[in-house]
Amino acid sequence: MRTLVAACLVAGFIVPGTVAAQWGIAAEIGVARFGGSSRDTSGTTVGPYRPTTVELRLDRELGSARVALALLYAKTGIAGEQPGLAVVQYDLASGPAIQLWTVDGDSRTRVAAQTAAALEWPLAGSLTGSLRVSGVLSRSIFNADEPPPEVERRATRRFGVAVGVRYRP
């Protein structure tokens with residue numbers, strides 16, 4: 001994993017040709033909504049529940065695209081949900097690309113696919129404001145031996161919306 005991170009950072013420093021590159025740093029606060037994880041035969045879903053998210057991101061512009069390394073923190077509970085009802089237990093799970101989860105003291109890692117789109121506007125000087133919408137898809141946060149047989153594990157999905165400020169020197 002360290003080799004992959006190092007390779008990505010080196011690739012960010014070495015830009016072929018005369019492609020203009022610009023560094024930036026951003027801080028965002030947002031909300032996330034999770035879907036999937038598991039579902040039983042009665043239709044009840046169990047999974048992470050609607051945390052507030054805080055993200056710090058270092059990015060580099062490469063022409064019209066931007067590559068970023070981001071750290072997102074979210075402390076979420078685990079919820080059992082049916083239409084119109086959610087029972088949430090906090091301090092059971094934390095964390096929500098690589099996702100590091102802690103479920104009832106048991107740590108687990110999930111590799112995920114992430115996509116995002118952002119709308120940015122100038123604020124002052126080198127500052128821009130942003131509205132970001134993102135989506136993440138990974139394997140279920142539950143291990144195969146955790147749910148009872150009548151519960152189907154499903155992919156964990158996360159949809160997020162965040163506002164932030166980006167500084168570009």
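Described below are features of the structure shown in this document. (Residues numbered from 1 in each chain as written. Predicted model: local features only at pLDDT ≥ 70, side-chain atom pairs only at ≥ 80, totals over all residues. Heavy atoms only, no water.)

### Notes on the overall build of the chain
Helix and strand counts for the chain come out as one helix and 11 strands. The helix and strand sequence of the chain, counted from the amino end, reads α-β-β-β-β-β-β-β-β-β-β-β. Taking all 169 residues of the chain together, 33% fall into the buried category. (Helix = DSSP H or I, 4+ residues; strand = E, 2+ residues; numbered from the N terminus. Buried < 20%, exposed > 50% of the residue type's maximum accessible area, 1.4 Å probe, protein only.)

### Description of the pairing of strand E10 (residues 127–138)
Regular strands place side chains that alternate from one sheet face to the opposite one. Pairing analysis gives 12 bridges linking strand E9 (residues 106–124) to E10, with the strands arranged antiparallel. When the sheet's bridge partners are listed, Gln114 is paired in E10 with Val136. Where E9 folds back on E10, the antiparallel hairpin that results is connected by two residues, among which Gly125 adopts a positive phi of roughly 55°. When E10 meets strand E11 (residues 151–167), the two strands line up antiparallel, connected through 12 bridges. Across the sheet, the residue bridging to Leu131 is Val163, located in E11. (Pairing = 2+ DSSP bridges.)

### Examining the pattern of salt bridges
With the rule as written, the count across this model stands at eight salt bridges. Glu120 is the salt-bridge partner of Arg66, the closest N and O atoms lying 2.9 Å from each other. Each of Asp59, Glu61, Arg66, Glu120, Arg166 and Arg168 takes part in one network of salt bridges that share partners. (Salt bridge = Lys/Arg side-chain N within 4 Å of Asp/Glu carboxyl O.)

### So, empty space enclosed by the protein
In this structure, the largest cavity occupies an estimated 110 Å³ of space. Around the largest cavity, the lining comprises 15 residues; the ones closest to its centre are Thr53, Glu55, Leu72, Ser134 and Ala162. Among the elements that take part in the lining of the largest cavity, strand E1 (residues 21–40) stands out by supplying five residues, more than any other. (1 Å grid on protein atoms, 1.4 Å probe; cavity = no way out; pocket = protein on both sides within 12 Å on 5 of 7 lines; lining within 4 Å. Points joined across faces, edges and corners; volume = space filled by probe spheres on them.)

### Looking at the environment of Pro83
With respect to the helices, strands and loops of the structure, Pro83 is situated in the loop between strand E5 (77–82) and strand E6 (85–89). In this structure Pro83 comes out as exposed when scored by relative accessible area, which is 82%. Placed 40 residues apart in sequence, Pro83 and Gly43 show a C-alpha to C-alpha distance of 9.1 Å.

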